[in-house]
Amino acid sequence: MTDKELIHMVHSGDKEALNIIINKYYDDIYRFCYYLTGHESDSYDITQEVFVKFIRYADSYRYKNLKGYLLIIARNLCYDYFRSKKDEVCLEEISEVGKDDIQIKIKEDKLLLEQALKSIPPKQREVIVLRIYEGFKFREIAKMLGCNISTVKSRYTLGIKNLGKELENGKESL
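Scoring rules and cut-offs
Residues numbered from 1 in each chain as written. Predicted model: local features only at pLDDT ≥ 70, side-chain atom pairs only at ≥ 80, totals over all residues. Heavy atoms only, no water. Salt bridge = Lys/Arg side-chain N within 4 Å of Asp/Glu carboxyl O. Helix = DSSP H or I, 4+ residues; strand = E, 2+ residues; numbered from the N terminus. Buried < 20%, exposed > 50% of the residue type's maximum accessible area, 1.4 Å probe, protein only. Arc of directions from axis to C-beta. Contact = heavy atoms within 4.5 Å.

J.: For this particular structure, what's the right way to read the pattern of salt bridges?
T.: Pairing is possible between side chains of opposite charge, provided their charged atoms come close. Taken as a whole and judged by the stated rule, the model has 6 salt bridges. Lys 67 serves as the salt-bridge partner of Asp 28, at 3.3 Å between the closest nitrogen and oxygen. Residue Asp 28 is found in helix H2 (residues 15-37), and its partner Lys 67 is found in helix H4 (residues 66-84); the two are separated by 39 residues along the sequence. For the residue pair Asp 28 and Lys 67, the accessibility class agrees, reading buried in each case. Linked through salt bridges whose partners overlap, the residues forming this network are Asp 28, Arg 31, Lys 67 and Glu 134.

And the structure:
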């Protein structure tokens, strides 16, 4: 079933269509929130709020790209999260240490990448997450963010450059 058909069903009062939309996009929205915030439990809360807002305003939804629309809601809620957590700094610890060195190295690299992502500016981070983790094209990202494509490409380039610097600094501090 297409998103357009699901939205039509929602507008017709079909509550089951909302459940289908949530099941279809929940993991993607959660992953996006997690990459932006770096906090598992907060990302679950933000993801829930995304769908609460969508349900509240579903009757007025008129966009063509449902996933993009949900990601915009998620982005805005993540920005609200950052404003509320501005002075807090949280680092996640490795909860389970693998039995073998390869697993430990993978977890260390993942932690290093997450920390590096958190340290670059939010506008660069969101473009990197949308491009690399979510697979959107620059044109789609520009449309979602309401800016021109050259701005998106510039943020991406600067973000990758800053991410590389952060990763180098992180490796040196180990």
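J.: How do you make sense of helix H1 (residues 3-11) when you look at a structure like this?
T.: Three- or four-residue spacings in an α-helix give side chains the same orientation, since the helix completes a turn every 3.6 residues. All of the buried residues in H1 are Asp 3, Leu 6, Ile 7 and Val 10. When H1 is viewed along its axis, its buried side chains cluster within an angular range of 100° and face the same direction. In H1, the exposed positions that point more than 90 degrees away from the buried face belong to Lys 4 and His 8. Tucked inside the fold, the buried residues of H1 contact H2, helix H3 (40-57) and H4. Taken from the residues just after H1, Gly 13 is the one with a positive phi, measuring 95°.

The values reported here are purely geometric and, on their own, carry no functional implication.
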